[in-house]
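Structural characterization, general
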Amino acid sequence: MKKICLILIMASVKVCFGQLPLYKQKAASVEARVKDLVGRMTLEEKILQLNQYTLGENTNKNNIGDETKVLPPGIGSLIFFSADPVQRNLVQKKAMEQSRLGIPILFGFDVIHGFRTVYPISLAQACSWNPALVTENCSVAAKEAVLSGIDWTFSPMIDVARDPRWGRVSEGYGEDPYANAIFGVATVKGYQGNNLSNPYSIAACLKHYVGYGMSEGGRDYRYSDVSAQSLWETYLPPYEACIKAGAATVMSAFNDISGVPASANHYTLTDILKKRWGHDGFVISDWDAIEQLIYQGVAKDKKEAGLKAFLSGVEMDMRDNIYFENFKQLIAEKKIPVSLVDESVARVLRVKFRLGLFDEPYTTIMPEKDRYLQPESKALAAKLAEESVVLLKNKKNTLPLAGSIKSIAVIGPMAKDTNNLLGSWSFNGRPADVESIYKGLENEFANKLQLNYAKGSGFEGTDESGFAEAVSIANQSDVILLCLGEMKTWSGESASRSSIALPSIQEKLLVELKKTGKPIVLVLSNGRPLELARVEPLADAIVELWQPGVAGGTPLAGILSGRVNPSGKLPITFPLTTGQIPTYYNMRQSARPFDKMGDYQDIATEPLYWFGHGLSYTSFEYGTPKLSAQKINKSQELTVEVTVKNTGGVKGKEAVLWYVSDPAASISRPVKELKFFEKKEIGAGASAVFTFTINPMRDLSFPDATGKRILESGDFYVQVGNQKIKFELVD
Ligand code: GLC
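Since this is a predicted model, take the numbers as computed values, not measurements.

Only one face of strand β24 (residues 687-694) is buried: it carries Ala-688, Phe-690, Phe-692 and Ile-694, and the other face, with Ser-687, Val-689, Thr-691 and Thr-693, is open. Direction of pairing for strand β21 (residues 638-646) relative to β24: antiparallel, over a ladder of eight bridges. Note that in β24 the partner of Val-640 across the bridge is Phe-692.

Okay, the domain arrangement of the chain next. What the domain assignment reports for the chain is domain 1 (2-24 + 31-355), domain 2 (381-580) and domain 3 (620-730). Each of domain 1 and domain 2 was reduced to a C-alpha centroid, and the two centroids are 37 Å apart. Counting the surface lost from both domain 1 and domain 2, the interface buries some 3,600 Å², and carbon and sulfur atoms represent 59% of this. For the interface between domain 1 and domain 2, the tally reads 23 residue pairs in polar contact (both at pLDDT 80 or more). The element best represented in the side of domain 1 that touches domain 2 is helix α5 (residues 122-127), accounting for five residues.

In this model helix α16 (residues 375-388) runs 20 Å from its N-terminal to its C-terminal C-alpha over 14 residues, within 8% of the 20 Å that 1.5 Å per residue would give. What α16 keeps buried is the set Ser-377, Leu-380, Ala-381, Ala-382, Leu-384, Ala-385, Glu-387 and Ser-388.

Strand pairing in a sheet takes place through backbone hydrogen bonds and is either antiparallel or parallel in direction. Here six strands make up an open sheet; going across it, the order is β12-β17-β16-β15-β13-β14 and the pairing mixed. The outermost strands of the open sheet, each flanked by one partner alone, are β12 (390-394) and β14 (450-454). Across the sheet, the mean angle separating the axes of adjacent strands is 20° when strand polarity is ignored. Here strand β16 (residues 520-525) pairs with strand β17 (residues 541-544) via four bridges, running parallel. Looking at the pairing, Val-521 lines up with Ala-541 of β17.

Turning our eyes to something else, we now look at the environment of Leu-106. When you line up the elements, Leu-106 lands in strand β3 (residues 106-109). Note on Leu-106: relative accessible area 0%, which makes it buried. For the pair Leu-106 and Tyr-267, spaced 161 residues apart in sequence, the C-alpha separation works out to 27 Å. With sequence-adjacent residues up to four places away left out, Leu-106 is seen in contact with Gly-76, Ser-77, Leu-78, Asp-151, Trp-152, Phe-282, Lys-352, Leu-355 and Leu-357.

Here the focus is unusual backbone geometry. The bulk of non-glycine residues show a negative phi, and the bulk of peptide bonds are trans. The linkage connecting Tyr-209 with the following residue, Val-210, adopts the cis geometry, with an omega of 5°. When you line up the elements, Val-210 lands in the loop between β5 (205-209) and β6 (223-224). Following Ile-581, the chain continues into Pro-582 via a peptide bond in cis, with omega recorded as 0°. By the secondary structure assignment, Pro-582 is in the loop between α20 (553-561) and β18 (620-622). Backbone geometry places Asn-447, a non-glycine residue, at a positive phi of 65°. Within the secondary structure, Asn-447 is located in the loop between α17 (437-445) and β14.

Around the ligand lies a shell of 13 residues, among which Asp-110, Arg-168, Lys-207, His-208 and Asp-286 are the nearest. Between an oxygen atom of the ligand and a side-chain N or O atom of Arg-168, the distance comes to 2.8 Å. Interatomic distance of 2.6 Å between a side-chain N/O atom of His-208 and an oxygen atom of the ligand. Out of a free accessible area of 310 Å², the ligand has 100% covered by protein chains. Its residues assigned to classes, the shell around the ligand comprises six nonpolar, two polar and five charged.

With that settled, consider the packing of aromatic side chains. Within this structure, the stated rule accounts for 33 aromatic pairs. With a centroid separation of 5.8 Å and an interplanar angle of 20°, the aromatic rings of Phe-115 and Tyr-372 are classed as stacked. In this pair, Phe-115 sits in the loop between β3 and α5 while Tyr-372 sits in the loop between α15 (368-371) and α16, placing the two residues 257 residues apart along the sequence. According to the relative accessible area criterion, Tyr-372 is buried, its value standing at 8%. The interplanar angle of 20° and the centroid separation of 5.9 Å between the aromatic rings of Phe-716 and Phe-727 together place this pair among those described as stacked. Placement of Phe-716 in strand β27 (residues 714-720) and of Phe-727 in strand β28 (residues 723-730) is noted, with a sequence separation of 11 residues between them. Residue Phe-716 is classed as buried on the basis of its relative accessible area, which comes to 2%. Look at Phe-727 and you get buried, because its relative accessible area is 2%. Ring pairs connect the aromatic residues Trp-129, Tyr-173, Tyr-178, Phe-183, Tyr-585, Phe-611, Tyr-659 and Phe-677, which therefore count as one cluster. Across the ring face of Trp-490, the terminal group of Arg-497 is positioned such that the distance to the ring centre comes to 4.3 Å. A cation over an aromatic ring shows up here: Lys-672 above the ring of Tyr-659, its NZ or CZ 4.1 Å from the ring centre.

Time to look at the environment of Arg-534. With respect to the secondary-structure elements, Arg-534 resides in the loop between β16 and β17. For Arg-534, a relative accessible area of 41% gives the class partly exposed. Sequence-wise, Arg-534 and Ser-230 are 304 residues apart; in three dimensions their C-alpha atoms are separated by 34 Å. Those residues in contact with Arg-534, other than ones at most four positions away along the chain, are Ala-501 and Glu-507. A polar contact of 2.8 Å, which involves the side chain of Arg-534, links it to the side chain of Glu-507.

With that settled, consider the side chain of Thr-117. Counting through the fold element by element, Thr-117 comes out in the loop between β3 and α5. At 2.5 Å, the side chain of Thr-117 and the side chain of Glu-144 are in polar contact. Separated by 3.1 Å, the side chain of Thr-117 and the backbone nitrogen of Leu-373 make a polar contact. Setting aside residues up to four positions removed in sequence, Thr-117 forms contacts with Glu-144, Tyr-372, Leu-373, Ser-377, Lys-378, Ala-381 and Val-550.

Every buried residue of helix α13 (residues 322-332) is listed here: Ile-322, Tyr-323, Asn-326, Phe-327, Leu-330 and Ile-331. All buried residues of α13 project into a common sector of 135° when viewed along the axis, lining one side. Those residues of α13 hidden inside the fold are in contact with α3 (43-49), β1 (51-55), α12 (302-312), β11 (317-318) and α14 (338-355). Lys-334, located one to two residues past α13, shows a positive phi value of around 60°.

This paragraph deals with the confidence of the model for the chain. Residue-level pLDDT values for the chain average 95, and 96% of them are 70 or greater. Considering only residues more than four positions removed or in separate chains, one finds that residues 64-69, a stretch of pLDDT under 50, has 16 contacts.

For Leu-513, the location among the structural elements is in helix α19 (residues 504-514). With a relative accessible area of 0%, Leu-513 lands in the buried category. Along the primary structure Leu-513 and Ser-472 are separated by 41 residues, whereas in three dimensions their C-alpha atoms are 9.4 Å apart. Not counting residues within four places of it along the chain, the set of residues in contact with Leu-513 comprises Ile-411, Ala-470, Val-471, Ala-474, Ile-480, Leu-482 and Ile-520.

A few words on the sheet that holds β5. The strand order across the open sheet built from three strands is β5-β7-β10, with neighbouring strands paired in parallel fashion. Taken across any chain shown, the strands that pair with only one partner, and hence form the sheet edges, are β5 and β10 (282-285). Along the sheet, successive strands turn relative to each other by an average axial angle of 25°, direction set aside. Where β5 meets strand β7 (residues 249-252), three bridges bridge the pair, whose relative direction is parallel. Looking at the pairing, Leu-206 lines up with Val-250 of β7.

Procedures and definitions
- Residues numbered from 1 in each chain as written.
- Predicted model: local features only at pLDDT ≥ 70, side-chain atom pairs only at ≥ 80, totals over all residues.
- Heavy atoms only, no water.
- Buried < 20%, exposed > 50% of the residue type's maximum accessible area, 1.4 Å probe, protein only.
- Helix = DSSP H or I, 4+ residues; strand = E, 2+ residues; numbered from the N terminus.
- Pairing = 2+ DSSP bridges.
- Domains from an automatic or database assignment.
- Buried area = accessible area lost by both parts, 1.4 Å probe.
- Polar contact = N/O pair within 3.5 Å; in protein donor to acceptor, adjacent residues only side chain to side chain.
- Expected span 1.5 Å × (residues − 1).
- Axes fitted to C-alpha atoms, helices over the stretch in contact; angles between N-to-C directions.
- Contact = heavy atoms within 4.5 Å.
- Near = heavy atom within 4 Å.
- Areas by Shrake-Rupley, 256 points an atom, 1.4 Å probe, with all protein chains shown as cover.
- Nonpolar A, V, L, I, M, F, W, Y, C, P; charged D, E, K, R; others polar.
- Phe/Tyr/Trp six-rings, centres within 6.5 Å; stacked < 30°, edge-to-face > 60°.
- Lys NZ or Arg CZ within 6 Å of the ring centre and 35° of its normal.
- Arc of directions from axis to C-beta.
- pLDDT = per-residue confidence, 0-100.

The following block contains the structure:
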């Protein structure tokens, strides 16, 4: 009898094992598992996979009307606000065990510049010209996110932006397509690692696709007049680079692209993204962006909005529930083909399989002290903060602070602030984790010199009652360190400002302190280029700290003391005044580029600081670039070398930016275009050789209005440092 039972048990185990559905078999290929699962799903189950709801308390004020829904177990995805892995696992368990097929939920969140170990905002990261360091920081963010129950981040934001009135300029990598591409790819690599199924990999999401940075007047959510030429030349390149780098998902934007909103734009979402670039992940809409098609005037109701978005190529609906509420009817009316539903569900499932969610659906629960803010994580954040700082001005070598300095008047609303150094999109960052500027100074200068502190003023308002105390301690000190800037809510989403100047109270404080005659070192913490026309003449030195996250105080102090030589360079131009916007380095040439014709009558036309500006405590001398040939044909590469000598007395890191220009082409070209960069540390008195290998199709061609690459023979220039050298491309 026992033998019979044993045989029966063995058989049932074998049968069970043998009949484990293919999609549950880890050894099967992702495509086979996707196909098998889609084939088993009901229409209702399929539709659920195309919806994303929210879970946890939504702290993003811009996303109005949010509430935690009664979650069906088969929901495709959740924006996971609570960051509690235990809660995540409970909800996931419900999905795995109560839904018929046990399809895991994809938990997404905005992990933008760090999770709990917040590092500098993206615009600051680009000042480092150190993509590898960005990748390292993003890997930390990914691990902290995974340990908090997150599988997917809505990052990187790679929207080229040239209007600093737009608050979201803080979230991208500046005004240049190539810089956005390189830092976008670095970020994708940091999040996704070399395999999405790695235990600490999370899926990236490229946003906001596409042309969002052209939002009219720097106001948010607006119409963006994007010509076909600028779409291909400026706004698409970062996306193409990141898709090629394997980015798992894309987020469709809020803006209306010249009459066809980004979230209902078949040309960008399907023709380009899927057919031309072969993206096999999926597109999620931005928050309620599908419903917003109604307000944008291209849908009469939610049903039509859902139909247009889906047929255009938006696979998943973020939060407005339109797909869930309307798809059964749209399919019944044969307006949506089931084949397209199947393909869209396959795209979502493909990302879930690649992430390994079917095989490892739960988060490992670690004690909170082991999840976040590890020493090595904070060290990486500090290193990135250090390399992101830009020395904008340093009259008479005010910096580094001389050994004769015995006291510093540390003044300003930013001096002891912690909350605003976190920057926008830092939901899990905590002020208590942040090292303030003052704390960094204490660490750096403890027992070496006297720190005298006064707040002086608030960030805004008219209260000048703190001026007297500030002036008083300034008079008692050898130098003034004035810490000004923006609150973190002044940049980021829905944070447009008609003027990029600092509030007048801050400028007035500077004017009062200037009257003391003491040297003034101005430290800025902000999320956008600022209008410094009235400020710049009053400061002896200006240090752009940006919003460095948790570890900015010591890096800044190291730069002030000279322990660190600043190496940051701007990835975005600082206009002299708001009235100059837009002004950016890769503009087209004026028709009358002489005698200041066409310039402003009332102010200078040159911006205050160009893209690429950044000072050092040492000096770098660029030799004459050497070409491997004066002439190449289209199948040859041209190597250009430049020797950079550190002619100063201290070692320093130098980011060498290489540009090309095409003075006569069938379509007018920018005055110059960044095509490569490299950063090296060079010892005092030493030299380093920097090499740029020009590939004609990659570096000298340009897209026409259809995206076709055009490579034309003729004269070109390669520019590096302040040198410009001609070469010829022949057929
Ligand atoms: C927001 C933002 C987007 C973000 C999303 C989810 O409205 O536009 O960048 O990822 O909603 O929070």
